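Coordinate analysis (summary)
So you can see what is in the structure, the chains are spelled out below.
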Amino acid sequence: MRIEDSGLVMPLRPDVTTVGRGRGVDIRLDDPSVSRLHAEIVRRGPYVYVVDMGLSRNGTRVNGRPIARRVLEDGDVVSFGTARCRLGGIPREEVDPDVELRRAVAPELTRREVDVLTSLCRPALSDEAFVAPATARDIAGELVVTEAAVKQHLLRLYQKFRIPEGANRRTRLANEVIAMGLVRPLPPVHVPQQGRPPMDGRVPGVRGTTTETRRPGTTGHGHGPGRPAHSTAAGRRAS
């Protein structure tokens, strides 16, 4: 793989080559549009394909086309964010490069499991660069449940997504969920001054959730200031 900005040529590993801006990747690209863990280039026999990790808003493109996974041909230009690289030395095979590799089918999830996954992936989706996913304690605090309950949900999710036991299990689950498009990066949210909720009632970083705007002194049930919600019914009984 030849990095066009520098002209540096980097060999691919025999199996999986990681690409990104982080220190632990195989091919490091010093570009702010590149995530710390941006993509993987996978070799399977004579075939080579690129996999976007889904951890960056800038994505991965092959010959200018946004992709999730795509088989590569000799001479293809792969853009990680705005960093352009050209692949060479790939054997020519009878593979249609315009067909993206199918992703695994997402398992059926309960509403609570979706909440856990959203909370798990939120740190990775809140910034253009990859960070560690939320811990079980962080998720419990956000969802207002016990840490033990979150761990039980995570165990079921590991089974559903077939994440084997081992190190970085939460990270592998978050990567798989984001790569499958179940949880997507959210656009930056303007935070109003003095801690007030946005004018449209949305809670920053949480989809489909709204806050109820109430006037001071009201109960939120349509009753006047200082008047309890049950007073009207009580008044009818008294009359």
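None of these values were measured; they are calculated from a predicted model. (Residues numbered from 1 in each chain as written. Predicted model: local features only at pLDDT ≥ 70, side-chain atom pairs only at ≥ 80, totals over all residues. Heavy atoms only, no water.)

1. Topic: the sheet that holds strand β7 (residues 65-67)
Convention followed: Pairing between strands requires that DSSP locate at least two bridges from one strand to the other. Secondary structure elements are taken from DSSP: a helix is a run of H or I of four residues or more, a strand is a run of E of two residues or more, and numbering for both begins at the N terminus.
Overall, antiparallel pairing links the 5 strands, which are arranged β1-β10-β9-β6-β7 in an open sheet. The outermost strands of the open sheet, each flanked by one partner alone, are β1 (2-3) and β7. Relative to strand β9 (residues 77-80), strand β6 (residues 60-62) runs antiparallel, the two sharing 3 bridges. Bridged to Arg61 within β9 is Ser79.

2. With respect to the environment of Ala132
Counting through the fold element by element, Ala132 comes out in the loop between α1 (111-125) and α2 (136-143). Separated by 11 residues in sequence, Ala132 and Cys121 place their C-alpha atoms 8.7 Å apart.

3. Some remarks on the nonpolar core
For the record, the criterion: Only buried Ala, Val, Leu, Ile, Met, Phe, Trp, Tyr and Cys residues count toward a nonpolar core, and they belong to the same one when joined by side-chain atoms within 4.5 Å. Per-residue accessibility, obtained with a 1.4 Å probe over protein chains only, is compared with the maximum for each type, and a residue is labelled buried under 20%, exposed over 50%, and partly exposed between these values. Only heavy atoms matter for contacts: two residues are in contact if any of them lie within 4.5 Å across the pair.
With 25 residues, the main nonpolar core has Leu117, Ile139, Leu154, Leu157, Phe161, Leu173 and Val177 as its most contacted residues. At the level of elements, α1, α2, α3 (147-160) and α4 (169-179) are the ones that each hand at least two residues to this core. Ignoring sequence-local partners within four residues, the contact set of Leu154 consists of Val116, Ala136, Arg170 and Leu173.

4. Focus on the pairing of β9
Along β9, one buried face is formed by Val77 and Ser79 and the opposite face, lined by Val78 and Phe80, is buried too. Across 4 bridges, β9 lies against strand β10 (residues 83-86) in antiparallel orientation. If you follow Ser79 over to β10, its bridge partner there is Arg84. A loop of 2 residues connects β9 with β10, the two strands running antiparallel in sequence, and Gly81 in this loop sits at a positive phi of about 65°.

Any functional reading would require information beyond the geometric quantities listed.
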